[in-house]
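Residue strings, one per chain:
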Amino acid sequence: MATDRRNREERATLFLAPAGITLSAVMLFPAVYILWLSLERRSLIFGTPQFIGFDNYLRLAHDPQFWNALVNTVYFTVVSVQGELVLGLLMALLLRRPFRGRGLLYAIILIPWAIPTVVSARMWEWLYNSDFGVLNYLFQARINWLGNPVWAMHAAIAMDVWKSTPFVALLLLAGLQSIPRELYHAAAVDGASRWTMFRRITWPALLPLILVVLIFRTIDAFRVFDSIYVLTGGGPGSSTETVSIYAYKLLFQTLEFGYGSAVAVAILMSVALATVVYAWLLRRVSP
């Protein structure tokens, strides 16, 4: 039996090897190439590439535009992910209960997630229009949602929360449905309140899944590009410019491939650090 099992595992490994090698090459080559570019002064404007070591990273450390973009990105990530978690949990708790029309509500809630990001950004751009936008019509006001630095950032956050909350709700709903009903019945018999059930049963059971959701959403929000680029272009000024938008401008507008690659590596390292922190927390709370 052991020999047959080992033979099956070896054959499975052999069949999977080509796909594994291909995926590794596709993932590793761009990462290694970007890392190498970050050690050069390479620009179409200045011509021949020149190896400069860590000078691009030293420039990065003293670049106020990069730090402004990083602060914007962190703020956007923290606020949007927190909003999505709270609203997603409330949606999941609502959808867990059987009621008439729950299937229709499922479909309505999933619509924002299904709409392409660029389409969503254009739609919200119309909603935010200061002259004929729906929001100003509803509020009977003339707020320049995308022209004011404070309003513009929070407008982008609201759009991201609207689009990504259904994804969070869907995952948390799956976690809620996996909790045995017997636990709630036993708690009800003991006289526990709904809040006590949530605090003692629901929250501890969902916590590992919540951390997984936070990993997914934090990575995605930190790399945000298309939604903000379409909605505000990083403006007004640089008030909504994220590190991804800043890297895009360096790579494709100013054609500073070396310095732009250094910014891309900084994004990768920031995402990796956040993932490590969440993974550590996940190990602490997992049974």
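Residues numbered from 1 in each chain as written. Predicted model: local features only at pLDDT ≥ 70, side-chain atom pairs only at ≥ 80, totals over all residues. Heavy atoms only, no water.

## Focus on the overall build of the chain
Counting its regular elements, the chain contains 12 helices and two strands. Reading the helices (α) and strands (β) of the chain from amino to carboxyl end gives α-β-β-α-α-α-α-α-α-α-α-α-α-α. A compact globule built from 287 residues would reach a C-alpha radius of gyration of about 19 Å, whereas the chain, at 24 Å, exceeds it by more than 25%. Along the longest, intermediate and shortest principal axes, the C-alpha atoms of the chain span 75 × 75 × 30 Å. Across the 287 residues that make up the chain, the buried fraction comes to 37%. Considering only contacts in the chain between residues 6 or more positions apart, those separated by 24 or more positions represent 66%. Looking at the chain as shown, the accessible area adds up to about 17,200 Å², and 70% of this sits on carbon and sulfur atoms. One finds the centroid of the 23 positive side-chain charges in the chain at a distance of 10 Å from the centroid of its 16 negative side-chain charges. (Helix = DSSP H or I, 4+ residues; strand = E, 2+ residues; numbered from the N terminus. Rg over C-alpha atoms; globule rule 2.2 N^0.38 Å. Buried < 20%, exposed > 50% of the residue type's maximum accessible area, 1.4 Å probe, protein only. Contact = heavy atoms within 4.5 Å. Areas by Shrake-Rupley, 256 points an atom, 1.4 Å probe, with all protein chains shown as cover. Lys, Arg positive; Asp, Glu negative; His and termini not counted. Charge placed at Lys NZ, Arg CZ, Asp CG, Glu CD.)

## Describing the packing of aromatic side chains
This structure, assessed with the given rule, holds 16 aromatic pairs. Seen in terms of ring centroids, Trp124 and Trp162 are 5.6 Å apart; in terms of plane orientation they differ by 65°. Their pairing is edge-to-face. Highlighted residues: Trp124 in helix H5 (residues 117-128) and Trp162 in helix H7 (residues 149-177), separated in sequence by 38 residues. Members of the aromatic cluster, joined through ring pairs, are Trp124, Tyr128, Phe139, Trp145, Trp151 and Trp162. Between the NZ or CZ atom of Arg59 and the centre of the ring of Tyr259, over which it lies, the distance is 3.7 Å. It is Arg96 that lies over the ring of Tyr184; its NZ or CZ is 5.1 Å from the centre. (Phe/Tyr/Trp six-rings, centres within 6.5 Å; stacked < 30°, edge-to-face > 60°. Lys NZ or Arg CZ within 6 Å of the ring centre and 35° of its normal.)

## So, the nonpolar core
With 44 residues, the main nonpolar core has Phe76, Tyr128, Leu172, Leu214 and Leu231 as its most contacted residues. Not counting residues up to four positions away in its chain, the partners in contact with Leu231 are Ala121, Trp124, Glu125, Tyr128, Leu146, Ala155, Ala156 and Met159. (Core = buried A, V, L, I, M, F, W, Y, C linked by side-chain atoms within 4.5 Å.)

## Things to note about the confidence of the model for the chain
Per-chain confidence: the chain averages 86 in pLDDT, with 96% of residues scoring 70 or above. Strand S2 (residues 47-51) is the least confidently modelled element of the chain, averaging 75 in pLDDT, while helix H3 (residues 64-96) averages 92, the highest of any element. (pLDDT = per-residue confidence, 0-100.)

## As for a nonpolar patch on the surface
Together, Leu23, Met27, Leu28 and Val32 give the surface a local cluster of nonpolar side chains, amounting to about 450 Å² of exposed area. Position of Leu23 relative to the elements: it lies in helix H1 (residues 2-37). Here Leu23 falls in the exposed class, since its relative accessible area comes to 54%. (Patch = residues over 30% accessible without salt bridge, like charges linked within 9 Å, V, L, I, M, F, W, Y side chains within 5 Å. Salt bridge = Lys/Arg side-chain N within 4 Å of Asp/Glu carboxyl O.)

## Thoughts on H5
Relative to the 16 Å expected for 12 residues at 1.5 Å per residue, H5 spans 16 Å between its end C-alpha atoms, a close match to the ideal helical length. If you follow the buried residues of H5, they end up packed against helix H4 (102-114), helix H6 (134-139), H7 and helix H10 (226-231). (Expected span 1.5 Å × (residues − 1).)

## Focus on the side chain of Asn136
For Asn136, the position within the fold is in helix H6. With relative accessibility at 5%, the residue Asn136 sits in the buried group. At a separation of 3.0 Å, a polar atom in the side chain of Asn136 contacts the main-chain carbonyl oxygen of Ile143. Sequence-distant contacts of Asn136, defined by excluding residues within four places in its chain, comprise Asn129, Ser130, Ala141, Arg142, Ile143 and Trp145. (Polar contact = N/O pair within 3.5 Å; in protein donor to acceptor, adjacent residues only side chain to side chain.)

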